[in-house]
Every structure is written in structure tokens, then in C-alpha cells.
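Structural overview for review
The chain contents come next:
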Amino acid sequence: LALLVQRGEALVNAGRGIEAGHTFLEIASRYMGASEHRVLALDFRQRAVGQLLISGQLADGNRALQALLGEIGIPYPNSKLQAAMGLIYRRARLALRQPITLQRPEATAVTAVDPQLSAIEIAHAASVGLAIFDNLRSAYFQTRALERALVSGDAYRIARSLCMEACLISVGGHRARARAGDVLERATQLAETLDHPHIDAMVLLAAAVREFMCGRWRETFANLEKTGLILRNHCVAVSWELTTMQR
């Protein structure tokens, strides 16, 4: 089993998401028989979902995603209307939240496996995986990931979700520039406490998206260049991030 896990992770690093996704599903199937391994099974299934969706395997990815969501209590919007209504409701709830409270400030939480963190990872995987193919559902799942990250108090996942949130807001262009900047500033502050290269890269990538949406090309390319250096030299399993910045 350990060799199978290593194979899946090697496939992710090589950018072979379809094979990695099916490998992770095979690993999950071996864990699903024992209740004490339920969280590990969830973890590998969400990793499979993420790899399948970012690789364009929408049928297999969505099928696995919907099965996962049913287990963690997050509904899958079956229509654009449901997605839109769910997004409006969830964003209204976010607007009423209290300031961020960190219960897990250390960067080591990124590797932790527990039901609460698995639910965040599942929502995040759905958001990332659907971003190119289904913007509305992607925004819905990004909001669910941010909600759960804030509840968890996990600094890494809050910072990552804030970076994704800044990208989402930046779609509004010049009108949304200041608001996206406020969110990005909060992500930057968290990144400074974490000292984690992946979050440092995500902050720069989000900054590049913000500049791009305002037509500020010089600033966009400067941020992308810094992002690429960090991802290539200090991170693993970042094929999605590298592909996104090259678009």
C-alpha cells in the first residue's frame, strides 16, 4: 500500500492527474472497509476528486465528488439556480462572520488528517477542479471551503482560501480591486506567520490574478515570475498552480 501511495504522489508531481486520481481511488477502496480508517479513505478520495477534475475528467470526478459531499454534509447544487442561490446565501453568512480566530496557527497542520480538515479539502478540491469548467459551482464550493476553514481556525487553510477568495473577487476588475486587495492583505499577514512556501506562492498568484483583471501587465508578470520560482524550487504536487500561472 505504501508503494501505491508513493506511485500516486509521483504521478501528481509528474502532472499525470488522471492516473493519479484512479490510483488514489484504489488506495481509498482499500481503506474503506475499516471504520478506523474512514478519515484516511476520505483523504485519498478527495485527492482523487481533485486530480480527476483538474484533468478534465468531469464525469468520473463529479461522480466521486457527489459521493464524498453526501458524507460530509455539503449538498451538490444540481442546477445553476441552486448553485446561485446557495452562493448568495453562503456569502451573506460570510459577511456576518466575526474576525478570524486562529486555533491552529502552525504550518504543520497542512499535513494533518481529520474529519474537519478533510471536509475543507473536499470543498477546496471541488472549487479548484471546477474553476475552468463551471465557474458558478466553483465559486459556491470556494465559499464553502472558506466557511469551514474559518470555523476550523487552521491558519494554512484560511490563508489558502483567502487567496482563492481574492481571485474570485478580482473577476470584478477595477471596481473590485480595493476589496480584493483587502482580502489579499489578510492572506499575506497569515502567510508571514506561516512561513510556508506554498502559501507564499498562492499569495503571489492571487496578486497576479488581481493585477491581470485590471490590465496591469507589468505587475502581473512580475508576480507570476516570483510565483514560478517558489513553486518550482520549493513545492511539490503543484501541477495545477504551475498550469494556472502559465495560462
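Just so we're clear, the structure is a prediction, and the values are computed from it rather than from any experiment.

The terminal C-alpha atoms of helix α3 (residues 38–54), which comprises 17 residues, lie 25 Å apart, in line with the 24 Å expected from a rise of 1.5 Å per residue. Burial within α3 is extensive, with 13 of its 17 residues counted as buried. Of the residues flanking the end of α3, it is Gly56, one or two places downstream, whose phi is positive at about 85 degrees.

Here the focus is the environment of Thr193. Note that Thr193 resides in helix α9 (residues 177–194). Measuring from C-alpha to C-alpha, the distance between Thr193 and Ala155 comes to 8.7 Å, with 38 residues separating the pair along the chain. Polar side-chain contacts of Thr193 include one of 2.7 Å to the backbone oxygen of Leu190.

Glancing now at unusual backbone geometry. Here Asp195, not a glycine, exhibits a phi torsion of approximately 55 degrees, which is positive. Within the secondary structure, Asp195 is located in the loop between α9 and α10 (197–213). At Ala237, a residue that is not glycine, the phi angle is positive and equals roughly 55 degrees.

Considering all chains together, one arrives at 19 salt bridges under this definition. Put simply, Glu211 and Arg177 hold a salt bridge, and the shortest N to O gap is 3.0 Å. Note that Glu211 is positioned in helix α10 and Arg177 in helix α9, a separation of 34 residues in sequence. The two residues Glu211 and Arg177 agree in class, both being buried. Three or more residues are tied together by salt bridges with common partners; here these are Arg90, Arg93, Arg144 and Glu147.

Before going further, it helps to examine the packing of α9 against α10. At a closest axis distance of 9 Å, the pairing of α9 and α10 adopts a crossing angle of 165 degrees. Judged by the inter-axis angle, α9 sits roughly antiparallel to α10. Note that α9 runs across α10; the crossing there is left-handed. Two secondary-structure elements touch here, α9 through Arg177, Ala180, Gly181, Leu184, Ala187, Thr188, Ala191 and Leu194 and α10 through Ile199, Asp200, Val203, Ala206, Ala207, Arg210 and Glu211. For the contact of α9 with α10, a count of residues per class yields nine nonpolar, two polar and four charged.

Now for the packing of aromatic side chains. Using the criterion set out here, one finds five aromatic pairs in the structure. Ring plane angle 10 degrees and centroid distance 5.9 Å describe the contact between Tyr31 and Phe44, whose orientation is recorded as stacked. Separated by 13 residues along the polypeptide, Tyr31 in helix α2 (residues 17–31) and Phe44 in helix α3 bring together distant segments of the chain. For Tyr31, a relative accessible area of 15% translates into the label buried. Relative accessible area serves as the criterion here: at 5%, Phe44 is assigned to the buried category. Both rings, one in Phe212 and one in Trp217, keep their centres 5.5 Å apart while their planes meet at 65 degrees; by these two values the pair is edge-to-face. Looking at Phe212, the relative accessible area reads 45%, which means it is partly exposed. The class of Trp217 is partly exposed, set by a relative accessible area of 47%. Across from the ring centre of Phe24, 4.4 Å away, lies the NZ or CZ of Arg47, which sits over that ring.

Here the focus is the packing of α3 against helix α6 (residues 115–130). Packed helices, taken two at a time, are described by the angle between their axes plus the distance between the axes. Running from N to C, α3 and α6 point in directions that differ by 10 degrees, and their axes come no closer than 8 Å. If you check the angle between α3 and α6, you find them roughly parallel. Every residue of α6 that contacts α3 at Val39, Leu42, Gln46, Gly50, Leu53 and Ile54 is listed here: Pro115, Ser118, Glu121, Ile122, Ala125, Ala126, Val128, Gly129 and Leu130. When the residues that make up the contact of α3 with α6 are grouped by side-chain class, the tally is ten nonpolar, four polar and one charged.

For Glu211, a relative accessible area of 8% puts it in the buried group. With ten residues separating them in the primary sequence, Glu211 and Phe221 have C-alpha atoms 9.1 Å apart. For Glu211, the residues in contact, after removing those within four places along its chain, are Arg177, Arg216, Glu219, Thr220 and Asn223.

Our next topic: helix α4 (residues 58–72). For α4, with 15 residues, the first-to-last C-alpha span of 21 Å sits near the 21 Å given by 1.5 Å per residue. All of the buried residues in α4 are Gly61, Asn62, Ala64, Leu65, Leu68, Leu69 and Ile72. The buried residues of α4 all sit within an arc of 165 degrees when viewed along its axis, so they share a single face. Exposed positions of α4 whose direction lies more than 90 degrees from the buried face are Ala59, Arg63 and Gly70. Looking at the packing, one finds that the buried side of α4 touches α3, α6 and α7 (135–152). Where α4 terminates, the next one or two residues include Gly73, which has phi positive at roughly 80 degrees.

Calculation rules
- Residues numbered from 1 in each chain as written.
- Predicted model: local features only at pLDDT ≥ 70, side-chain atom pairs only at ≥ 80, totals over all residues.
- Heavy atoms only, no water.
- Helix = DSSP H or I, 4+ residues; strand = E, 2+ residues; numbered from the N terminus.
- Expected span 1.5 Å × (residues − 1).
- Buried < 20%, exposed > 50% of the residue type's maximum accessible area, 1.4 Å probe, protein only.
- Polar contact = N/O pair within 3.5 Å; in protein donor to acceptor, adjacent residues only side chain to side chain.
- Salt bridge = Lys/Arg side-chain N within 4 Å of Asp/Glu carboxyl O.
- Axes fitted to C-alpha atoms, helices over the stretch in contact; angles between N-to-C directions.
- Parallel < 35°, antiparallel > 145°, perpendicular 65-115°, else oblique.
- Left-handed = near helix turned anticlockwise from the far one by under 90°.
- Contact = heavy atoms within 4.5 Å.
- Nonpolar A, V, L, I, M, F, W, Y, C, P; charged D, E, K, R; others polar.
- Phe/Tyr/Trp six-rings, centres within 6.5 Å; stacked < 30°, edge-to-face > 60°.
- Lys NZ or Arg CZ within 6 Å of the ring centre and 35° of its normal.
- Arc of directions from axis to C-beta.

Interpretation in functional terms is not warranted from these geometric data alone.
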